[in-house]
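# Reading the structure
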Amino acid sequence: MEATPTVRKTFAHGIHPPDFKEETRSKPIRRFPFAPVMIVPLSQHIGKPAKPVVAEGQEVERGQLIAEPDGFVSVAMHAPASGIIRKIGLAPHQSGRMVESIFLQPFPASGQQVDPGTPCEVETASPKEIITAIQHAGIVGLGGAAFPTHVKLSIPEDKRIDTLIINGVECEPYLTTDHRVMLEQTGDIFTGIRYVLKATGAKRAIIGIEANKPDAALKLRRSIPEEMPVNVELVKVKYPQGAEKMLITALLGREVPSGGLPADVHVVVINVATAAEIGRLLPRGRGIIERVITITGPAISKKGNYLIPIGTPLRYALDQAGLHEDVSEVVLGGPMMGQAVSSLDIPITKGTSGIVAFTSAETNHRPEKIYPCIHCAYCVDACPLFLNPSRLGILAKQGEYERMAAEYHLMDCFECGSCSWVCPSNIPLVQYFRIAKGIIREKKAQS
Amino acid sequence: MNELLQGIAFLGGLSLVLAIVLVVANRKLSVYEDPRIEQVTDLLPGANCGACGMPGCRAFAEQVVAGKLQPGQCPVGGPETAITVADFLGIDAGSTERYVARLLCAGGCDVAVQIAEYDGYPSCRAAAAVTGGFKGCVFGCLGLADCEDVCDFDAITMMENGLPLVDADACTACGDCVRICPKGLFELIPISQHLIVQCKSLLAGDEAIELCAVACTGCGICAADAPEGLIEIINNLAVIDPDKRQLETEIATYRCPTGAITWIDKQQFADVTTRTQTVAR
Ligand code: SF4
Ligand code: SF4
Ligand code: SF4
Ligand code: SF4
C-alpha cells in the first residue's frame, strides 16, 4: 500500500475558492445521444480556421474528415456523427463572432462506431510524424485554451526539453472532467505520454494532481507501465495551481521568465485529457469527435460528466442534463476563468471543459456597486504572478494602458481572476485587464 | 586684505572664462528654428488631440512647415484653419473636406432583439468579450457608451434607443470612437456624403431580420437601383464603394425593404429623440 505523500508542492500566493466538486466527482462518464443538428465551427482552436473538404448535401460517416488544417497553426475537424451536411455557413460562436461552421444533420440510426484510419504507431513513427498525426487528429488543449497541441509540441531547434508535465490539477471550481478521465482512461493517458515523450525528446514525465483527488493519484501511480519514466505528484489545493507557470514552479521549482514559454525552462505541459486523447486516437488513426464535459451547477438536475459529441448545441446539452426553468446564467468553463454565454445556440467545441448553470437565487446576490480601491493589498497577495493589480486597476481606469504594459507587466496577467475574487471593493480588476490587454494587442498589431 | 583681493580676482577671472565659454557654445551649438513653426502652432486649434497622427499641434506645425503634411490634414481646425495656415505659408491647403463619424448600425433596443441580460462591468468592450454581448445580432451596437466616454469633444450622446448620436457640428473626426468601438461601428465619412448603410450584419435575409428589423438583408435591390458599381453586396452586406461616392443617389434607398440604406443630411438619426447621459456607470 503506497503511503500518501505528505509534502505537497505549490507556488506562492493564490486563493482558496470553494470547489463545489463533490456533486460530480464520483459520477462516471456517460455518453450523450446525438442532437438533431450539430454545428461544427471551423475555428475551435487558436489559429487559422480549418478548410472544409465536404460539400453541402454530402453524406458523411462518423469520424470522417470534414475539414483539413489550413497551414501550420490549424487543425483538422471530423464528423461527430454519420449524417448529411446541411449547410456550410455562419453560426454564433462562443467568441461572440459569427464563425463559418459545418451544419451536420445526423441520420436517425447513426451509430457510435467509427472506422479506424491509418494508425500512427509509437514504436515506428518519428517525432515529426507523431506531431503531424496529432495535427490531423484535430487535437487541441482540452483544458480550455484550445491551443493546437502539435504546435505546443513542436519545440524550436534551440530549445531542449527534459521534462514533460501532465496537468491533472483541475483547480477550477465545479469541474471534474479531468478527475474522471484520470480514473477511467488511465491506460490512454500512459499511451499518450509515450507518444509525447517521443515527440518532444523529454526524458521523463510528471503527472501533477491536486491533493483533493487522491483516488486518481493512486490509480495512476498503480498503473504506471513498467520502466516508464513517469512520476505522479500531489500538489496543494489552491487556485490557480493548474496554470502552466504555477504548476512548473510547484513541481520543479523553475520560473518561466516574464513573456517566456515553458520551453525556456526545458518543460512542456499538456493537459491530462489531451494526453488521453492522443493515446486513444493515434493508435487507431482517428480524429477527435467528442470530449468529456462536466455539466453542473444549481440549475442542473442531472449533474454529471458526459461524453458529448463536438458540435452539440448548448441548448440540447442542457436539456439532456435537466436544466431548471429559472436558470439565469450559463458559464462555459469554470466560474473563475470561464465565460458567461449570451446565447444557447452556440455549439460545444473542443475547448469546452464544463458547463455551469446558475439560477436567479445565486446571481441576484451579487454585489453590484464598485467602490474605490482602499489599498488593502489583498489583490497583491493573491496574484500568483506577483503583479500589482491595485496599481494596474487604477491605471486602467485612467486609460494608461501603455504604462500598464511597460511598467507593470500587464501582458503577463493570464486572467486567473484571483485579484477580482479577493477585492473587498468589488473592483472588476480582471475585466479591466482583459480590455487593456486587448487594446495593447491591437496597438501592436497595427504598428 | 591680500587674500580678499586674490579671491575677487579669482572669481572675476572665472566668470570671464565661463562667459566666453557660453558665448562660444551659443554660437556653435545653437539650432536654427524656423520662427514660422511657432506662428503656425498659434494658428492651429491647440487641442493637441493627435487626430492628425502627430503627437500634438506643434509637431503638426513642424511637419507642415517642412512640407511633409498639408494644412488640411488637421481635422479639428476645419477648412478655415487650413486656409489661414496655407495662406500664411503661401502653400496649398490640400484637401479640406470635412469628415464626421457615422454609426453603421441603426439597431436600437426598439428594433433589435436582446437575447440575454448583461450584468457585468458596464463597458462595451467588456460586454463584447462575453460571447459578443447580449444582443441577438453580434455585429450591432451594445449601447454601453464607450464611445461617448472616449470622445474629447462631447460630440457623442446616447439616445433613448441606446445608440450613440454624433453631433456633426461638434465631431472633429479625431477617430477616437472608431478605435474604441469593439464592434467597429464608426466610420469617418465626408460630411458631404448622404448615402450610408446603417448596418454591419453579415447574415442574410430572414436570419438577419429575425434579430433586427432594420438589418441589411443583402437582397441587392439597392445595388441594382444605384448607378453601376456604386454599391456591391459583399458577404450579404451592401457596401458603398468610397471611390465612386460622387455617383451617390437617393434612389438607391427607395426600395430597401428594411431601411438599412438611408439618405442623411448633416445629422444622422435626425428623427430620433436624444437624451443626456443616463447610462448607468
Ligand atoms: S487576473 Fe492577472 S492580475 Fe489578477 S491575480 Fe490573476 S494574473 Fe494577477
Ligand atoms: S483588493 Fe481591491 S481594494 Fe484591495 S488593494 Fe486590491 S484593488 Fe484595492
Ligand atoms: S457604437 Fe460601439 S462603442 Fe459606442 S455604444 Fe455602440 S458598441 Fe459601444
Ligand atoms: S442587424 Fe445591422 S442595424 Fe441591426 S443591430 Fe445588427 S448591425 Fe445594427
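## Quick look at the site of ligand 1
All names here are of chain A. With respect to spatial proximity, 15 residues lie near ligand 1, and among them C383, C413, C416, S418 and C419 are the closest. Every element with two or more residues in the shell around ligand 1 is listed here: helix 13 (418-422) and helix 14 (429-446). For the shell around ligand 1, the element with the most residues is helix 14, which contributes three residues. Looking at side-chain class alone, the shell around ligand 1 contains twelve nonpolar, two polar and one charged residues.

## Quick notes on the sheet that holds strand 8 (residues 98-106) of chain A
Residue and element names in this part refer to chain A. Spatially, four strands are ordered 2-8-7-4 in an open sheet, and the strand pairing comes out antiparallel. Two strands close off the open sheet at either side, each with one partner strand: strand 2 (38-41) and strand 4 (59-60). Taken together, the two bridges between strand 4 and strand 7 (residues 83-92) define a ladder with antiparallel strand orientation. Paired with V60 across the strands is G83, a residue of strand 7.

## Considerations on the interface of chain B and chain A
Tallying the contact residues gives 17 residues for chain B and 17 residues for chain A. Each residue belonging to the side of chain B that touches chain A can be placed in one class, and the counts come to eleven nonpolar, five polar and one charged.

## Some remarks on the environment of L165 of chain B
Considering the arrangement of structural elements, one finds L165 of chain B in strand 3 (residues 164-166). The class for L165 of chain B is buried, based on 22 C-beta atoms found within 10 Å.

## A few points about the domain arrangement of chain A
Its domain assignment divides chain A into domain 1 (30-106 + 287-362), domain 2 (139-284) and domain 3 (378-446). A C-alpha centroid distance of 31 Å is found between domain 1 of chain A and domain 3 of chain A.

## Some details on the domain arrangement of chain B
Interface size is commonly expressed as the accessible surface area that is lost when the partners come together. Residue and element names in this part refer to chain B. According to the domain assignment, chain B contains domain 1 (35-89), domain 2 (99-193 + 266-281) and domain 3 (195-263). Contacts between the two partners involve four residues from domain 1, matched on the other side by six residues from domain 2. Looking at the side of domain 1 that touches domain 2, its residues break down into four nonpolar, no polar and no charged.

## As for helix 12 (residues 401-408) of chain A
Residues and elements named next belong to chain A. Looking only at helix 12, the buried set comprises Y401, M404 and A405. End-on view of helix 12: buried residues confined to an arc of 90 degrees, all on one side of the axis. On its buried side, helix 12 packs onto helix 11 (389-397) and helix 14. Downstream of helix 12 by one or two residues, H409 has phi in the positive range, about 55 degrees.

## Overview of the confidence of the model for chain A
Here chain A averages 91 in pLDDT, and 98% of its residues register 70 or above. Averaged over each element, pLDDT in chain A is lowest for helix 9 (residues 360-363) of chain A (83) and highest for strand 2 of chain A (96).

## Thoughts on the environment of G72 of chain B
Residues and elements named next belong to chain B. Here G72 shows up in the loop between helix 3 (57-65) and helix 4 (78-89). For G72, a count of 22 C-beta atoms within 10 Å puts it in the buried group. In this structure, G72 is in contact with A82, A93, G94, S95 and T96, ignoring residues within four places of it in sequence.

## Let's talk about the site of ligand 2
All names here are of chain A. Neighbouring residues of ligand 2: 16 residues in total, closest C373, C376, C379, S390 and C423. Every element with two or more residues in the shell around ligand 2 is listed here: helix 10 (378-382) and helix 11. Counting residues per element, the shell around ligand 2 draws most heavily on helix 11, which supplies three residues. Classifying every residue of the shell around ligand 2 by side-chain character gives twelve nonpolar, four polar and no charged.

## Some remarks on the pairing of strand 6 (residues 231-234) of chain B
In summary, the side chains of a regular strand alternate between the two faces of the sheet. Residue and element names in this part refer to chain B. Here strand 6 pairs with strand 7 (residues 237-240) via four bridges, running antiparallel. Across the sheet, residue I231 finds its bridge partner in strand 7, namely I240. The turn joining strand 6 and strand 7, which pair antiparallel and follow one another in sequence, is formed by two residues; a positive phi near 50 degrees is taken by N235.

## Details of the sheet that holds strand 9 (residues 163-168) of chain A
Residues and elements named next belong to chain A. What the four strands build is an open sheet, ordered 11-10-9-12; its pairing is parallel. On the outer flanks of this sheet lie strand 11 (230-235) and strand 12 (267-271), each paired with one strand and no other. Taken pair by pair, the neighbouring strands of this sheet meet at an average axis angle of 25 degrees, ignoring direction. Across six bridges, the pairing between strand 9 and strand 10 (residues 204-210) is parallel. Bridge pairing in strand 10 places T163 opposite R204.

Definitions and cut-offs
- Residues numbered from 1 in each chain as written.
- Chains lettered and ligands numbered in written order.
- Predicted model: local features only at pLDDT ≥ 70, side-chain atom pairs only at ≥ 80, totals over all residues.
- Near = placed C-beta within 6 Å.
- Helix = DSSP H or I, 4+ residues; strand = E, 2+ residues; numbered from the N terminus.
- Nonpolar A, V, L, I, M, F, W, Y, C, P; charged D, E, K, R; others polar.
- Pairing = 2+ DSSP bridges.
- Contact = placed C-beta atoms within 7 Å.
- Buried ≥ 20, exposed ≤ 12 C-beta atoms within 10 Å, placed from the backbone.
- Domains from an automatic or database assignment.
- Arc of directions from axis to C-beta.
- pLDDT = per-residue confidence, 0-100.
- Axes fitted to C-alpha atoms, helices over the stretch in contact; angles between N-to-C directions.

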